[in-house]
Amino acid sequence: GAETQRVRDLEKGFKGMAVEEVVGGDLAQQQALESAKINLISNPDLSPEMRSQGLKGIEAYEAGIIDMLPLNDKGDAAEGSRLSEGSVYYDPTNVYGGMYVGVSSNPNDPDGQVQGFDDVEEAEAHAAS
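One structure accompanies this document, and this report is about it. (Residues numbered from 1 in each chain as written. Predicted model: local features only at pLDDT ≥ 70, side-chain atom pairs only at ≥ 80, totals over all residues. Heavy atoms only, no water.)

1. Things to note about a negative patch on the surface
Phase 1 of the analysis: Taken together, the side chains of Asp 118, Asp 119, Glu 121, Glu 122 and Glu 124 define an acidic patch exposed on the protein surface.
Phase 2 of the analysis: You can see Asp 118 is positioned in the loop between strand S3 (114-117) and helix H4 (120-128). (Patch = residues over 30% accessible without salt bridge, like charges linked within 9 Å, V, L, I, M, F, W, Y side chains within 5 Å. Areas by Shrake-Rupley, 256 points an atom, 1.4 Å probe, with all protein chains shown as cover. Salt bridge = Lys/Arg side-chain N within 4 Å of Asp/Glu carboxyl O. Lys, Arg positive; Asp, Glu negative; His and termini not counted. Charge placed at Lys NZ, Arg CZ, Asp CG, Glu CD. Helix = DSSP H or I, 4+ residues; strand = E, 2+ residues; numbered from the N terminus.)

Right, here's the structure in full:
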């Protein structure tokens, strides 16, 4: 009874949020992201490192980076066959020394086709080169 009502209330809330997002657009999305940040920061079950990684992921999403860097089985480098030239990826483990990884469209890039950056604009510029 009470649990069923709680589930119905949650479903109603989610439907309301979906309508708000369609109607409110960016404002509803920004509020949802801010709420996610607060939940990350205040969650006692998360370690400081987990909180930091979560916040970085939200920051990447806000910057328009939605793809996570695909790693090889060892987790020490990108899985080359799964990378797209001209793309930027979020690198939560900083394998390439930055939060973002740009994959240059130029396979002969003298600086390296795959590079890490802390600035999304630099990563996007590298990916476009």
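The structure having been displayed, the exposition proceeds.
2. So, the pattern of salt bridges
Phase 1 of the analysis: Within this structure, the stated rule accounts for two salt bridges.
Phase 2 of the analysis: Ionic pairing is found between Lys 37 and Glu 62, a salt bridge with its closest N-O pair at 3.3 Å. With a gap of 25 residues between them, Lys 37 in helix H2 (residues 26-42) and Glu 62 in helix H3 (residues 48-62) connect regions that are remote in the sequence.
Phase 3 of the analysis: Here Glu 62 falls in the partly exposed class, since its relative accessible area comes to 34%.
Phase 4 of the analysis: Several salt bridges share partner residues, and in doing so they unite Glu 34, Lys 37 and Glu 62 into one network. (Buried < 20%, exposed > 50% of the residue type's maximum accessible area, 1.4 Å probe, protein only.)

3. Section: the environment of Ala 77
Phase 1 of the analysis: Relative to the assigned elements, Ala 77 resides in the loop between H3 and strand S1 (88-90).
Phase 2 of the analysis: Taking relative accessible area as the criterion, Ala 77 reaches 22% and is therefore assigned partly exposed.
Phase 3 of the analysis: C-alpha of Ala 77 to C-alpha of Val 95: the two residues are 18 residues apart in sequence and 6.4 Å apart in space.
Phase 4 of the analysis: With near-sequence residues (within four places) excluded, Ala 77 lies in contact with Pro 70, Leu 71, Asn 72, Val 95 and Tyr 96. (Contact = heavy atoms within 4.5 Å.)

4. Observations regarding the sheet that holds strand S2 (residues 100-103)
Phase 1 of the analysis: On the basis of which strands lie adjacent, the open sheet formed by three strands has the order S1-S2-S3 and antiparallel pairing. Each of the sheet's edge strands pairs with one partner strand only, and the pair in question is S1 and S3. On average, each strand axis in the sheet is tilted by 25° relative to the strand beside it, whichever way the strands run.
Phase 2 of the analysis: Sheet topology note: the S2/S3 ladder contains four bridges and is antiparallel. (Pairing = 2+ DSSP bridges. Axes fitted to C-alpha atoms, helices over the stretch in contact; angles between N-to-C directions.)

5. Considerations on the environment of Gly 102
Phase 1 of the analysis: Mapping Gly 102 onto the fold places it in strand S2.
Phase 2 of the analysis: Each residue touching Gly 102, except ones within four places of it in the same chain, is listed here: Ser 87, Val 88, Gln 113, Val 114, Gln 115, Phe 117, Ala 123, His 126 and Ala 127.

6. Here's the deal with the nonpolar core
Phase 1 of the analysis: Residues Ala 60, Ile 65, Val 88, Tyr 90, Met 99, Tyr 100, Phe 117, Val 120, Ala 123 and Ala 127 constitute the largest nonpolar core, which totals ten residues.
Phase 2 of the analysis: Taken together, the elements giving at least two residues each to this core come down to S1 and H4.
Phase 3 of the analysis: The element that contributes the greatest number of residues to this core is H4, accounting for three residues.
Phase 4 of the analysis: Counting six residues, the second-largest nonpolar core is a separate cluster that includes Leu 69, Tyr 89, Val 101 and Val 103. (Core = buried A, V, L, I, M, F, W, Y, C linked by side-chain atoms within 4.5 Å.)

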